[in-house]
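# Results of the structural survey
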Number of protein chains: 2
Amino acid sequence: MSKVDKEAIIRAAEEVVREKGARKLTLDAVAAQCGLSKGGLVHHFRTKQALLQAMLESAIGCETELAEEYAAGGGETGGPLASRIHSMFALMEDEKSLPRALIAAVAEDPALLEPIKSKEAKVRSELLTTCSDPEMALLLLSAARGLFLGRVLGVLDSDDPIFERLHTRLLKLAADLD
Amino acid sequence: MSKVDKEAIIRAAEEVVREKGARKLTLDAVAAQCGLSKGGLVHHFRTKQALLQAMLESAIGCETELAEEYAAGGGETGGPLASRIHSMFALMEDEKSLPRALIAAVAEDPALLEPIKSKEAKVRSELLTTCSDPEMALLLLSAARGLFLGRVLGVLDSDDPIFERLHTRLLKLAADLD
DNA sequence: GCTACCATACCGACCAGTTGGTTGGTTTTG
DNA sequence: CAAAACCAACCAACTGGTCGGTATGGTAGC
């Protein structure tokens, strides 16, 4: 059994971005963060791009998992829109679960966000067909993403009490749609 | 009279980010983009941080100007919420006017976004006092920002016809609030 | 007019530190 | 043992920033 696996490296990389900023996400820094030499790190991810891709995939996976959990958990709590809103807010709750890989990736090479872009498109098209008022659904989704990205970029604090109120209000509005 | 002024340098820097990504926003690249030697560039902005700060200030200025124009233009078209929504969409219309300095700055040092953070807080607190339904106002603002940041990060295309529909819908909803 | 002086804009060579990635070898594990 | 995991040393390219110097234009005194 290996001392560190890819998941651990990804978490370490995310931690580096959180502590020192996306610009300082270097192979050396990640290696140091997870107690590995640079050589050892490169053994797992041959290039920095590969690491960034893995970070993004992990982020997408986390979000999808949370959404599916929510959708499976309470049948009457809402459709796909509510699931997405829920998963975003779940990620926002903990400072450490915010996928700052987004910043590092888009700074390195915007093309890396392609998987995210296509997944977003898929979610949007789903809402267009399942919701009674697709426009409003997209607006609510955008609102959640606005708060989410605001948190990721660090221009929003989540300790503001208004945050939770917006969360419940969003879910309530979403419940009337899907 | 100088051949290049600070405004031109800022535009050149924004162009570099647009073409090559935030990570490639280097003093050399900016100097080359505006036909200046690195020495000449550093003469105008002593450090890269100073350049980034100026880029952010310029972005804030642009947005504020657009919002004030709109507010002054049509008295009945809406209050501060509508003005903000309008200014964001105005910036989104043109690929070149998207302030990608945001990405470069947050990657370099998240603390650089402090001016933006405090301005956002100011806008929010204004909405809290002037709107009949502050929660909904914040949601609409967040929706606009979600679309805006989606465009800045490049995960959203503006050529989608749904975009304009969301714009008008947002303004309509905003009109009922402030 | 001419000189001496100064400030601004700009250049391009240079430097120290950083970065992504390679290589050749060692340890660990199944 | 063979493969996988890992390491230390190294390298070439890049990066932010410095430095000494040039070109230009204004201006004060004579």
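Quantities reported herein were computed from a predicted structural model and do not represent experimental measurements. (Residues numbered from 1 in each chain as written. Chains lettered and ligands numbered in written order. Predicted model: local features only at pLDDT ≥ 70, side-chain atom pairs only at ≥ 80, totals over all residues. Heavy atoms only, no water.)

### Some words on the interface of chain A and chain B
By a widespread convention, an interface's size corresponds to the accessible area lost as its parts come together. Put simply, the test is: The criterion used for residue contact is that any of the two residues' heavy atoms lie within 4.5 Å. Using a 1.4 Å probe, buried area is obtained as the accessible area two parts lose upon being combined, added over both of them. The rule for a salt bridge is simple: a side-chain nitrogen of Lys or Arg has to be within 4 Å of a carboxyl oxygen of Asp or Glu. Put simply, DSSP H or I for four residues or longer makes a helix, DSSP E for two residues or longer makes a strand, and each gets a number counted from the N terminus. Three classes are used: nonpolar for Ala, Val, Leu, Ile, Met, Phe, Trp, Tyr, Cys and Pro, charged for Asp, Glu, Lys and Arg, and polar for all others, with Gly counted as polar.
Taken residue by residue, the interface counts 36 residues in chain A and 36 residues in chain B. A combined buried area of about 3700 Å² lies between chain A and chain B, and 64% of that area is made up of carbon and sulfur atoms. Of all residues in chain A, Arg23, Glu135 and Leu139 of chain A give up the largest surface area on contact with chain B, accounting jointly for 19% of the area buried on that side. At the surface where chain A touches chain B, the tally comes to ten salt bridges. Of the charged contacts in the structure, one is a salt bridge between Glu135 of chain A and Arg165 of chain B, with a shortest N-O distance of 2.8 Å. At the level of secondary structure, the elements contributing two or more residues to the side of chain A that touches chain B comprise helix H6 (101-108), helix H7 (114-130), helix H8 (134-153) and helix H9 (162-175) of chain A. The dominant element in the side of chain A that touches chain B, judged by the number of residues it contributes, is H8 of chain A, at twelve residues. Here the side of chain A that touches chain B is built from residues that sort into 20 nonpolar, five polar and eleven charged.

### Structural notes on helix H9 (residues 162-175) of chain B
Side chains three or four residues apart in an α-helix point the same way, a direct result of the helix having 3.6 residues per turn. The cut-off we apply is this: Helix span, as expected, comes to 1.5 Å for every residue beyond the first. Each residue gets one of three labels from its accessible area relative to the maximum for its type: buried under 20%, exposed over 50%, partly exposed in between, using a 1.4 Å probe on protein chains only.
Taking 1.5 Å as the rise per residue, H9 of chain B with 14 residues should run 20 Å; its terminal C-alpha atoms sit 20 Å apart, in good agreement. All of the buried residues in H9 of chain B are Ile162, Phe163, Leu166, His167, Arg169, Leu170, Leu171 and Ala174 of chain B.

### Here we look at the pattern of salt bridges
Residue and element names in this part refer to chain A. Tallying each qualifying case throughout the model produces 28 salt bridges over all chains. Across the pair Lys38 and Asp28 runs a salt bridge, and its minimum N-O distance is 3.1 Å. A residue pair is termed long-range when its members are at least 10 positions apart, and Lys38 in helix H3 (residues 38-44) and Asp28 in helix H2 (residues 27-33) qualify at ten residues. With a relative accessible area of 45%, Asp28 lands in the partly exposed category.

### Observations concerning the domain arrangement of chain A
Residues and elements named next belong to chain A. Applicable threshold: Domain borders in the structure are assigned automatically or taken from a domain database. Whenever two N or O atoms come within 3.5 Å, that pair is a polar contact, provided that in protein one can donate a hydrogen and the other can accept it, and provided that, for residues adjacent in sequence, both atoms are side-chain atoms.
Once the domains are mapped, chain A shows domain 1 (1-46) and domain 2 (48-175). With twelve residues of domain 1 at the contact, the number on the domain 2 side is 15 residues. Across the domain 1/domain 2 interface, buried area totals approximately 1200 Å², and carbon plus sulfur atoms make up 75% of it. Looking at the side of domain 1 facing domain 2, the largest losses of area belong to Glu14, Arg18 and Leu25, adding up to 42% of the total buried there. Linking domain 1 with domain 2 are zero salt bridges, by the criterion used here. Our count for the domain 1 to domain 2 interface comes out at three residue pairs in polar contact (both at pLDDT 80 or more).

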